[in-house]
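Coordinates in review
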Amino acid sequence: MHEESRRTAVDAPSGPQLRPQSLMLAFFGNNVLNEGPLCVYSGSIIDVLARAGVGEQAVRSTLSRMVNRGLLQRQREGRRMHFGLTPQAAQILHDGSKRLWDTSAVNDDWDGTWTLLGFSLPESWQRQRHDLRSRLTWSGFGAVYSGLWIAPGDVNVSGIVAELGLTAHVKIFHATADDATDVGLMIRDTWDLDSVATRYADFDKRWTSWLDTGSGDPIGNRLRLISEWLDIIRTDPRLPARHLPAGWPARPAHDTFHRIAELTEAPARRMAAELLETTPLRPS
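Within each chain, residues carry numbers counting from 1 in the order of the written sequence. It should be noted that, the model being predicted, local features are given only for residues of pLDDT at least 70 and side-chain atom pairs only at 80 or more, the latter also being counted only at that level, while totals for whole chains, interfaces and linings use all residues. Only heavy atoms go into the side-chain values, all of them from the structure, while hydrogens and water stay out.

Looking now at the overall build of the chain. Secondary structure elements follow DSSP: runs of H or I of four or more residues count as helices, runs of E of two or more count as strands, with numbering from the N terminus. Tallying secondary structure elements over the chain gives eleven helices and eight strands in all. Each radius of gyration reported is based on C-alpha atoms, and the globular scaling rule is 2.2 Å times the count of residues to the power 0.38. The C-alpha radius of gyration of the chain comes to 21 Å, within 12% of the 19 Å expected for a compact globule of 284 residues. Judged by the C-alpha coordinates and their principal axes, the chain covers about 65 × 45 × 30 Å. Residues counted as buried form 46% of the 284 residues belonging to the chain. Whether two residues touch is decided by their heavy atoms; if any such pair falls within 4.5 Å, the residues are in contact. Of all intrachain contacts in the chain linking residues separated by at least 6 positions in sequence, the fraction that spans at least 24 positions is 78%. Note on areas: these come from Shrake-Rupley sampling with a 1.4 Å probe, and a residue is covered only by the protein chains present in the view. In the form shown here, the chain has an accessible surface area of approximately 14,700 Å², with 49% of it arising from carbon and sulfur atoms. In the chain, which carries 32 positive and 34 negative side-chain charges, the distance between the mean positions of the two groups comes to 8 Å. Remark: exposure states derive from per-residue accessible area (1.4 Å probe, protein chains only) relative to the maximum for the residue type, with buried under 20%, exposed over 50%, and partly exposed in between. Think of it this way: Lys and Arg go in the positive column, Asp and Glu in the negative one, and His and the chain ends go nowhere. Charged side chains are reduced to one point each, which is NZ for Lys, CZ for Arg, CG for Asp and CD for Glu.

pLDDT is a per-residue confidence score from the predictor, ranging from 0 to 100. Averaged over all residues, the pLDDT of the chain is 91; the fraction at 70 or higher stands at 94%. For the stretch residues 5-10, pLDDT sits under 50, and the model shows ten contacts to residues farther than four places along the chain or on other chains.

All right, on to empty space enclosed by the protein then. Think of a 1 Å grid over just the protein atoms. A cavity is a set of points where a 1.4 Å probe fits yet cannot get out, a pocket is an open set with protein on both sides within 12 Å along at least five of seven lines, and lining residues have an atom within 4 Å of a point. Grid points are joined across faces, edges and corners, and a volume is the space filled by probe spheres set on the points. In this structure the tally under the stated criterion is one cavity of 30 Å³ or more. Estimated volume of the largest cavity: approximately 50 Å³. Contributing elements (two or more residues each) for the lining of the largest cavity: helix 5 (87-102), helix 10 (218-234) and helix 11 (250-275). Gly falls in the polar group here, along with every residue not listed as nonpolar (Ala, Val, Leu, Ile, Met, Phe, Trp, Tyr, Cys, Pro) or charged (Asp, Glu, Lys, Arg). The residue makeup of the lining of the largest cavity, split by class, is four nonpolar, four polar and two charged.

The subject of this paragraph is the pattern of salt bridges. The rule for a salt bridge is simple: a side-chain nitrogen of Lys or Arg has to be within 4 Å of a carboxyl oxygen of Asp or Glu. Per the counting criterion, the structure on display carries twelve salt bridges. A salt bridge links Arg-60 to Glu-56; the nearest nitrogen and oxygen atoms lie 3.0 Å apart. A residue pair is termed a helical-turn pair when its members lie 3 or 4 positions apart in one helix, as Arg-60 and Glu-56 do in helix 4 (residues 56-68) at four residues. Residue classification places Arg-60 among the partly exposed positions, given a relative accessible area of 39%.

Written out as structure tokens, the structure is:
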């Protein structure tokens, strides 16, 4: 890591240890996804990720793993290796972008309905069970019981189930709660509200403090901001605001995120234009 990157990484606001893959996805989502079919020189990626606190070896390892998982594709240009998004990764990033920019962290519009999903998988299907639970969590579901998951509102989850090849093992319903059901109690029993609230409160406190200094470079801070916010909202089911504790910290954290995202957008784009070496992505 050269001296400037080391300095800017130190100047970035302290916070949770972010996974290199999360930062890599934030990098491609912020700098490549909407810029056309491009691929980026690995040296450029190393330089930018260094500004978010990720070392060169970790970047190279992450690039290799993401290629092996079908999320990135390699493209050689002379002696230099470039990396671009696969269609699978582009779809993941488009879905994440909608959640990131178009969806509020506070659910004020809940209509009283729930989506219920029940499943029963063979005991040996541990990977399939893990994948289903992970995708359900990202979609806002929580486990009422081990095989019965629930999410507020009308959630179209059939595509996820089909993609995982589990349609024959899953039943999906849309319903409202009976008057005898204490919805607030059910929510507290199903989701760890304290954990979600703590993450929002810590995020808001840390990044609000950063606003007073504005230290570090825009591109590194923006990657950390987006990556951390995505990690938080990925674990937030967007529960009905009327059933959450008073002073729920998602609203001020949401406002802080968008304020800093707006402040860093233009300078981060200018810096990216200077740092990133790109080339058109050839069809695979």
